[in-house]
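A look at the structure
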Amino acid sequence: MFKNKKTKIDPNMTDTLIGEGTSFEGKIKSEAGIRVEGHMIGDIDCAGDITIGENGIARSNIKARNVIVAGQIIGNVTASGKLTIKASGQLHGNLSALELSIESGGIFQGTSKMDVKDAPAVPEEKIAPREPEIKIPSVAEANAGSVLKTW
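Residues numbered from 1 in each chain as written. Predicted model: local features only at pLDDT ≥ 70, side-chain atom pairs only at ≥ 80, totals over all residues. Heavy atoms only, no water.

**Here's the deal with the pattern of salt bridges**
Side-chain pairing between opposite charges can occur once the charged atoms of the two side chains come close. In this structure the tally under the stated criterion is three salt bridges. The residue Glu37 makes a salt bridge to Arg35 at a minimum N-O spacing of 2.7 Å. The class for Arg35 is partly exposed, based on a relative accessible area of 33%. Residue Lys86 is joined to Glu103 by a salt bridge in which the shortest nitrogen-to-oxygen separation is 3.5 Å. Note that Lys86 is positioned in the loop between strand E12 (77-85) and strand E13 (90-92) and Glu103 in the loop between strand E14 (95-102) and strand E15 (107-109), a separation of 17 residues in sequence. Taking relative accessible area as the criterion, Lys86 reaches 31% and is therefore assigned partly exposed. Given a relative accessible area of 32%, Glu103 falls into the partly exposed group. (Salt bridge = Lys/Arg side-chain N within 4 Å of Asp/Glu carboxyl O. Buried < 20%, exposed > 50% of the residue type's maximum accessible area, 1.4 Å probe, protein only. Helix = DSSP H or I, 4+ residues; strand = E, 2+ residues; numbered from the N terminus.)

If you want it as structure tokens, here you go:
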């Protein structure tokens, strides 16, 4: 009656929506994109893109390809691609991304780590040994030993 169809999920498509007025608590793992317009509490692991809409609030640690924040995220974000914080967006947590874009008015509170995409290893330069410093006495130090006593 039902055929078992295995179709490849396109990570460029948004197939999961947490709509405005909806609260979700738990962990989400998805091969396609996710859009949050409501309240999400829990970790999100996504092979596609995640969009937090203007009314969306995510208290989550998020791992995705690209992340667009127009609402609010409280938690850490790891993006293998680009993280964009829109003018209405807020990110309160740490981020790790290949690219970062924050529009004027966007809020980011935390630390950031920019990942490097297939960068060649930079050889460490050998530091030449330092020569000993030669101290040149100042005028006051030079004249300190030749003070004329008049009493």
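Structure shown, so let's carry the discussion forward.
**A few points about the sheet that holds E13**
Across a sheet, strands are paired by hydrogen bonds formed along the backbone, either parallel or antiparallel in direction. Overall, parallel pairing links the six strands, which are arranged E2-E5-E8-E11-E13-E15 in an open sheet. The outermost strands of the open sheet, each flanked by one partner alone, are strand E2 (23-25) and E15. Pairwise comparison of adjacent strand axes, ignoring direction, gives a mean angle of 5° for this sheet. (Pairing = 2+ DSSP bridges. Axes fitted to C-alpha atoms, helices over the stretch in contact; angles between N-to-C directions.)

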